[in-house]
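Listed here are the chains, written in short residue letters.
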Amino acid sequence: DGSKGSKALPFRYVAAARFAPSYAAEVSDAMLLALEGHEKLPGRTAIVIDVSGSMEAELSGKSKMNRIDAASALAIYLREITECRVFQFGATCREISAHRGIGLVDAIHDNQVGHRTNIGGALAHVVKVFPSVERIFIITDMQSADAMPHRTGFRGYYINVAPYEPAMPTKGGQWTIISGFSERIIDWVRIEEAVL
């Protein structure tokens, strides 16, 4: 009832749905209500989520949430604030249909792409099927089986949801690498893109 205007972040709602699955629909509705009115991020965006085996690792020894849950929470937020398409990748890459809220989390967890981590192949697929993309977020734990691809014609961000790096942006060639996860990442992206 108090979700409208709430500052609770999508990650908290995803956690709540995990602990109270019989209320997942209500939690999802509350999360989407809380996200109403958030400032939009302009431009056509692709969200590309790693669902390889290493992404199933828990975020910490005390957490029941894993790296895919963290990636899903960011994807939910981005789905609400930008014109975007969502993809999952492992050995191959595929687009996820237009789910919102907890439904998107479930679709992301439904791994239909294998457990290998082919970031280069995933990017090639995304650019081929979404040639007008202006910004790509790859949400991963940075354990790729192939090389980090070059970025051409769009802004590129790697978000590292693994806990073994300090949470600060760095430049990785043509990509911006952000270690750590929080919806505040999008505030930082908004500021950087306004400056550049």
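Residues numbered from 1 in each chain as written. Predicted model: local features only at pLDDT ≥ 70, side-chain atom pairs only at ≥ 80, totals over all residues. Heavy atoms only, no water.

Caption draft 1: Looking closely at the overall build of the chain. Secondary structure assignment for the chain yields six helices and seven strands. In the chain, the order of α-helices and β-strands from amino to carboxyl end is α-α-β-α-β-β-α-α-β-β-β-β-α. Across the 196 residues in the chain, those meeting the buried criterion constitute 50%. For the chain, the accessible area works out to roughly 9,300 Å², and carbon and sulfur atoms hold 55% of it. (Helix = DSSP H or I, 4+ residues; strand = E, 2+ residues; numbered from the N terminus. Buried < 20%, exposed > 50% of the residue type's maximum accessible area, 1.4 Å probe, protein only. Areas by Shrake-Rupley, 256 points an atom, 1.4 Å probe, with all protein chains shown as cover.)

Caption draft 2: Geometry of the pairing of strand β1 (residues 44–50). Of all the seven residues making up β1, six are buried; the element is thus mostly covered by neighbouring parts of the structure. As paired strands, β1 and strand β2 (residues 83–89) are joined by seven bridges and run parallel to one another. The residue of β2 that forms the bridge with alanine 46 is arginine 85. Where β1 and strand β4 (residues 135–140) come together, five bridges link them in parallel fashion. Bridge assignment links valine 48 to a residue of β4, and that residue is isoleucine 138. (Pairing = 2+ DSSP bridges.)

Caption draft 3: Representation of the pattern of salt bridges within the structure. Overall, the coordinates contain eight salt bridges when judged by the stated rule. For arginine 190, the salt bridge goes to glutamate 39, with nearest N and O atoms at 3.8 Å. Linking arginine 190 in helix α6 (residues 184–195) with glutamate 39 in the loop between α2 (24–35) and β1, this pair joins segments that are 151 residues apart in sequence. In this structure arginine 190 comes out as buried when scored by relative accessible area, which is 15%. The partner of aspartate 187 in a salt bridge is arginine 190, and the shortest N-O contact between them spans 3.2 Å. One end of the pair is aspartate 187 and the other is arginine 190, both in helix α6 and three residues apart, which spans about a single turn. Through salt bridges with shared partners, a single ionic network connects Glu39, Asp187 and Arg190. (Salt bridge = Lys/Arg side-chain N within 4 Å of Asp/Glu carboxyl O.)

Caption draft 4: The arrangement of the packing of aromatic side chains in detail. What the rule picks out here adds up to three aromatic pairs. A centroid spacing of 5.9 Å and a plane angle of 65° characterise the contact between phenylalanine 154 and tryptophan 175, whose relative ring orientation is edge-to-face. Remark: tryptophan 175 occurs in strand β7 (residues 175–179) and phenylalanine 154 occurs in the loop between β4 and β5 (155–160); sequence separation between them is 21 residues. Here phenylalanine 154 falls in the buried class, since its relative accessible area comes to 6%. (Phe/Tyr/Trp six-rings, centres within 6.5 Å; stacked < 30°, edge-to-face > 60°.)

Caption draft 5: Molecular detail of the confidence of the model for the chain. For the chain, per-residue confidence averages 82 on the pLDDT scale, and 89% of positions sit at 70 or higher. Averaged over each element, pLDDT in the chain is lowest for strand β6 (residues 169–172) (53) and highest for β1 (95). (pLDDT = per-residue confidence, 0-100.)

Caption draft 6: Looking closely at α2. With twelve residues, α2 ought to run about 16 Å at 1.5 Å a step, and its terminal C-alpha atoms sit 17 Å apart, in line with that. Taken residue by residue, α2 has Ala24, Val27, Ser28, Met31, Leu32, Ala34 and Leu35 as its buried positions. An end-on view of α2 places all buried positions within 155° of arc, on one side of the element. Taken together, the buried residues of α2 touch α1 (10–19), α3 (67–81) and α4 (102–109). The first or second residue beyond α2 is glycine 37, which carries a positive phi of 85°. (Expected span 1.5 Å × (residues − 1). Arc of directions from axis to C-beta. Contact = heavy atoms within 4.5 Å.)

Caption draft 7: The pairing of strand β3 (residues 93–96), seen in detail. Strand direction decides the pairing type here: β2 and β3, joined by four bridges, are antiparallel. Each residue of the ladder has a partner; that of glutamine 88, found in β3, is arginine 94.

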